Amino acid sequence: MKGTAIFPRFRAVADQAVLVEFAETIAEEAYAQVMSLDARLALSPFLGFLEAVPAQVSLLVRFDARVADHLDVVRALTGLMQRPLLPRPDGILRTVEVCYEPEFGPDLSLVAQQTGLSEEAVINKHLAETYRVFMYGFAPGYAYLAGVALALHLPRKPTARRDVPAGSVIIAGGQCLITTLTMPTGWWILGRSTTAILTGDSLRPFLFDVGDHVRFKRVDRAAFVARGAVK
């Protein structure tokens, strides 16, 4: 019988980083702890601190191995976590347009079958939620959005679809994502967006910041075409 995991948990990553884990599964409480420690580090960095990279349930803390070691970093982080939990910033509300027509959402009917909902009910549930940017990962601009309605929680498909266009709005489990590259995915494709996630600005390359909120806005095919997405 396995013992109960104790958090936070510290893991050495190579010789220049410590991974601080707050949970094994995605949860709002764990994410709040991730963002609070990230904010504390920004306010009170320890000697040798280089950067912190937040994820859904963990924070990767990089340091200069010439002036600190793993034990030094763990001590510093433990001290910071003993301070009161900092409130999370509200973040900015972003709107992302999405067209759910069958040519753009090839898995919409399958999601409806899997969940026992009509296609319109799937769309309405997807539109009804306010999502939160938990992290970036996997590819440039891939913002992992938490907040998918429980009724739409589905595991990844057993077989990935190839050549999924950029801008596809996809879900798996409790997460949603807008793709930025043409590539394969095993997530469920509900629609496609014309909202630019990659900004082209070197100082602010992505539309979202971690902690921002996202709402989806439905557009029809005519509006989608008018934005130059397809002809």
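Everything that follows concerns the structure shown earlier in this document.
Since this is a predicted model, take the numbers as computed values, not measurements.

Draft legend 1. Looking closely at helix 4 (residues 119–128). Along helix 4, the positions that sit buried rather than exposed are Val122, Ile123, His126 and Leu127. Seen end-on, helix 4 carries its buried residues on one side only, within an arc spanning 130 degrees. Where helix 4 is buried, its residues touch helix 3 (108–115), strand 6 (131–136), strand 9 (168–172), strand 10 (175–178), strand 12 (188–192) and strand 13 (213–218).

Draft legend 2. Representation of the packing of aromatic side chains. If you walk through the whole model with that rule in mind, you get six aromatic pairs. Arranged with centres 4.4 Å apart and planes meeting at 40 degrees, the rings of phenylalanine 104 and phenylalanine 224 form a pair that is tilted. Residue phenylalanine 104 is found in the loop between strand 5 (93–98) and helix 3, and its partner phenylalanine 224 is found in helix 5 (residues 221–226); the two are separated by 120 residues along the sequence. Each member of the pair, phenylalanine 104 together with phenylalanine 224, is buried. Looking at lysine 157, its charged tip hangs above the ring of tryptophan 188, at a distance of 5.7 Å from the centre.

About the criteria used
- Residues numbered from 1 in each chain as written.
- Predicted model: local features only at pLDDT ≥ 70, side-chain atom pairs only at ≥ 80, totals over all residues.
- Heavy atoms only, no water.
- Buried < 20%, exposed > 50% of the residue type's maximum accessible area, 1.4 Å probe, protein only.
- Helix = DSSP H or I, 4+ residues; strand = E, 2+ residues; numbered from the N terminus.
- Arc of directions from axis to C-beta.
- Contact = heavy atoms within 4.5 Å.
- Phe/Tyr/Trp six-rings, centres within 6.5 Å; stacked < 30°, edge-to-face > 60°.
- Lys NZ or Arg CZ within 6 Å of the ring centre and 35° of its normal.

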